[in-house]
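Listed below are the residues making up each chain.
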Amino acid sequence: MSLMSRGIAYQALKLRAITLLVLNRRAAAREVFSEMVRRWPEDLYARSSRAHVDAQLGRRTSAIEDLRIVTTADPHGRAADWFNLGFLLDAEDDPAGAEAAFLSAVDARDPDR
């Protein structure tokens, strides 16, 4: 697949997932994010997005797994990923893990700020 067709395919899937989220079809959006992860396993956006949806769907174990991959791959990345990991670890009764994740959220460089 050429770089241009990958870009088009990627953007089409991303748009589909966002549309499904707007329509409150989280499970369907999760499947699209999962397809993105299958096709581009290194894509942190797709993993982070799937984790956020999984958290909303009550799939904490899967969300934690994806967020650990994202935060390990980019330890100084988005604060939101660290915060959500901390929130989920706290819900799983892992206060030490939650505290470490929350502290990493404070230290993260956040391009959204």
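Cut-offs and rules
Residues numbered from 1 in each chain as written. Predicted model: local features only at pLDDT ≥ 70, side-chain atom pairs only at ≥ 80, totals over all residues. Heavy atoms only, no water. Helix = DSSP H or I, 4+ residues; strand = E, 2+ residues; numbered from the N terminus. Rg over C-alpha atoms; globule rule 2.2 N^0.38 Å. Buried < 20%, exposed > 50% of the residue type's maximum accessible area, 1.4 Å probe, protein only. Contact = heavy atoms within 4.5 Å. Areas by Shrake-Rupley, 256 points an atom, 1.4 Å probe, with all protein chains shown as cover. Axes fitted to C-alpha atoms, helices over the stretch in contact; angles between N-to-C directions. Parallel < 35°, antiparallel > 145°, perpendicular 65-115°, else oblique. Left-handed = near helix turned anticlockwise from the far one by under 90°. Phe/Tyr/Trp six-rings, centres within 6.5 Å; stacked < 30°, edge-to-face > 60°. Expected span 1.5 Å × (residues − 1).

The number of helices and strands found in the chain is 6 helices and 0 strands. Since a compact globule built from 113 residues should have a radius of gyration of about 13 Å, the 14 Å found for the chain is in line with a globular shape. A buried classification covers 38% of the 113 residues belonging to the chain. A fraction of 44% describes how many contacts in the chain between residues 6 or more apart in sequence connect residues 24 or more apart. As displayed, the chain has an accessible area near 6,700 Å², and 57% of this comes from carbon and sulfur atoms.

With that settled, the discussion passes to the packing of helix α3 (residues 44-56) against helix α4 (residues 60-73). It is at 8 Å that the axes of α3 and α4 come closest, and there the two elements cross at 150°. If you check the angle between α3 and α4, you find them roughly antiparallel. Crossing geometry of α3 relative to α4 is assigned as left-handed. Residues Leu44, Arg47, Ser48, Arg50, Ala51, Asp54 and Ala55 of α3 pack against Ser62, Ala63, Asp66, Leu67, Ile69, Val70 and Ala73 of α4.

For the structure on display, the rule yields 3 aromatic pairs. Ring geometry for Tyr10 versus Trp40: centroids 5.4 Å apart, planes at 75°, classification edge-to-face. Taken together, the residues span a long stretch of sequence, with Tyr10 in helix α1 (residues 3-22) and Trp40 in the loop between α2 (26-39) and α3 at a distance of 30 residues. Both residues of the pair, Tyr10 and Trp40, count as buried.

Look at helix α5 (residues 79-91): 18 Å from first C-alpha to last across 13 residues, which is about the 18 Å you get at 1.5 Å a residue. Where the residues of α5 are buried, they touch α3, α4 and α6 (95-107). At the C-terminal side of α5, Asp93 shows a positive phi close to 60°.

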